[in-house]
Amino acid sequence: MGIVFSTCRVSKTIKSRLEFDDELFVQDVEPLKYYLPNFIGDTDLMVIFHFLGRYLFQSNFNAPIEERLSSEQCKILDVCCGAGTWLLDMASAYGSSKFFGIDLCTVFPTAIKPDNVQFVQGDVLTGLPFDDNTFDYVHQGHMLDVYTMDQWHFIITEIIRVCKPGGYIEFIEPELATNTGPILSKFYDALVKLSETRNVNIRMYDNLIRILNSTPSVQNVESKKEVISLGSGCCGYEYLEIHDEFFLSVPMPEILSKFMGISERDYLELFKKVKNEIRSGISPDSLLKLHSRYSKITAKYFDTH
Ligand SMILES: C[S@@+](CC[C@H](N)C(=O)[O-])C[C@H]1O[C@@H](n2cnc3c(N)ncnc32)[C@H](O)[C@@H]1O
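Every value quoted in this text rests on a predicted model; they were computed, and no experiment measured them. (Residues numbered from 1 in each chain as written. Predicted model: local features only at pLDDT ≥ 70, side-chain atom pairs only at ≥ 80, totals over all residues. Heavy atoms only, no water.)

All right, on to the overall build of the chain then. Counting its secondary structure elements, the chain contains 10 helices and nine strands. Among the 305 residues that make up the chain, the fraction classed as buried is 54%. Residue pairs in contact within the chain that sit at least 24 positions apart in sequence constitute 72% of those at least 6 positions apart. (Helix = DSSP H or I, 4+ residues; strand = E, 2+ residues; numbered from the N terminus. Buried < 20%, exposed > 50% of the residue type's maximum accessible area, 1.4 Å probe, protein only. Contact = heavy atoms within 4.5 Å.)

Here it is as structure tokens:
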């Protein structure tokens, strides 16, 4: 699918050059080591994404931690928590557990939040600021478009370090659809190229499973996938709206049109044809239905020492 985006309100303290235009912040990427443009609107999309994922999987997690969460005082970490929607949802359901979120940008609530939630501002690529074996469960979502392969290796090592032996780690990631028609393919290809300029592979979902499977201290690596058809079926209509929003919101037309070698105006015209292309595949018996996978990978950490 085409929804791989970043959420971040860039603070002036960590941002050297900031273009400010009403509610829109465009970040100068270098000082943050974080590259996609960021918007307040992205936060809204991520919130919608959270509820979409919860509905699709009928749960906020796949790891077998329900009993533990309900009966014990667990510690839970959400890495790169963004607006903290997942954490806030979890914290209200499991009041006896403590929830921690870390993100580079303070898009998470700082004043009004439940007592059992703490947010930390920090760059996870300098290491997670928590002791070894602290958390019963570590969660991370929607980061396929953010980390390079080296950074994935680093962050997985860090996540395992802060996870208690016997604890669980879980990733939730949407994947780009592969059965796109010729027009939408042009947009997806541009997105892939854009990521490659940052040495990021947004199609690395299967690699993530391989990395976990080859990590000696994790076991029971499980991947659960739900399929969304853009524009039809369960959550398909909502998904299509997010999809459109992503490709049509500033500054995606400006950025992606360059990778497609066309003007912004032609980009917008071409995207109108994407809608028809998708719509042509929406009839229930059509083979053209555009499938996106939305997946969770869960693994159990055990101490090898
Ligand atoms: C696509 S959003 C995902 C947010 C959240 N995980 C969710 O699923 O809604 C990516 C998030 O990663 C954060 N981020 C990116 N690089 C980071 C870093 N090096 N350290 C901490 N946070 C980072 C961004 O600020 C943003 O909130």
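Our focus in this paragraph is helix α9 (residues 252-260). Taken residue by residue, α9 has M252, P253, I255, L256, S257 and M260 as its buried positions. Buried positions along α9 lie against α6 (182-196), α8 (236-248) and α10 (264-279). Looking one or two residues beyond α9, the residue adopting positive phi is G261, at roughly 70°.

A few words now on unusual backbone geometry. In this structure, P251 follows V250 across a cis peptide bond, with omega equal to 5°. Residue position: P251 is located in the loop between α8 and α9. Phi is positive for Q58, close to 55°, though the residue is something other than glycine. When you line up the elements, Q58 lands in the loop between α2 (40-57) and α3 (66-71).

This structure, assessed with the given rule, holds 16 aromatic pairs. With a centroid separation of 5.0 Å and an interplanar angle of 85°, the aromatic rings of Y147 and W152 are classed as edge-to-face. One aromatic cluster is present, formed by F187, Y188, F246, F247, Y267 and F271 through successive ring pairs. (Phe/Tyr/Trp six-rings, centres within 6.5 Å; stacked < 30°, edge-to-face > 60°.)

Next up on the list: the side chain of E170. The topology assignment puts E170 in strand β7 (residues 163-174). According to the relative accessible area criterion, E170 is buried, its value standing at 1%. Polar side-chain contacts of E170 include one of 3.3 Å to the side chain of T298. Excluding its chain neighbours within four sequence positions, the residues that come into contact with E170 are F61, N62, A63, Y137, V138, H139, Q140, K296, I297 and T298. (Polar contact = N/O pair within 3.5 Å; in protein donor to acceptor, adjacent residues only side chain to side chain.)

A few words on a negative patch on the surface. A surface patch of negative charge is lined by D44, E238, E241 and E245. One can find E245 in helix α8. Look at E245 and you get partly exposed, because its relative accessible area is 40%. (Patch = residues over 30% accessible without salt bridge, like charges linked within 9 Å, V, L, I, M, F, W, Y side chains within 5 Å. Areas by Shrake-Rupley, 256 points an atom, 1.4 Å probe, with all protein chains shown as cover. Salt bridge = Lys/Arg side-chain N within 4 Å of Asp/Glu carboxyl O. Lys, Arg positive; Asp, Glu negative; His and termini not counted. Charge placed at Lys NZ, Arg CZ, Asp CG, Glu CD.)

Scored by pLDDT, the chain comes out at a mean of 81, with 81% of its residues at no less than 70. Highest mean pLDDT in the chain belongs to strand β3 (residues 75-79) (98); lowest belongs to strand β1 (residues 18-21) (33). Predicted confidence for residues 1-38 stays below pLDDT 50, and this span has 102 contacts to residues more than four positions away or in other chains. Across residues 283-289 the pLDDT falls below 50, and counting only partners more than four positions away or on other chains, this stretch makes 11 contacts in the model. (pLDDT = per-residue confidence, 0-100.)

Our focus in this paragraph is the pattern of salt bridges. In the structure shown here, the tally under the stated rule is 10 salt bridges. Put simply, K258 and E254 hold a salt bridge, and the shortest N to O gap is 3.7 Å. A residue pair is termed a helical-turn pair when its members lie 3 or 4 positions apart in one helix, as K258 and E254 do in helix α9 at four residues. Its relative accessible area of 60% is what places K258 among the exposed residues. Owing to a relative accessible area of 38%, E254 belongs among the partly exposed residues under this scheme. Ionic pairing is found between E269 and K272, a salt bridge with its closest N-O pair at 3.0 Å. Linking E269 with K272, this pair stays in helix α10, spanning three residues, or about one helical turn. Because the salt bridges share partners, they merge into one network encompassing R68, D136 and K164.

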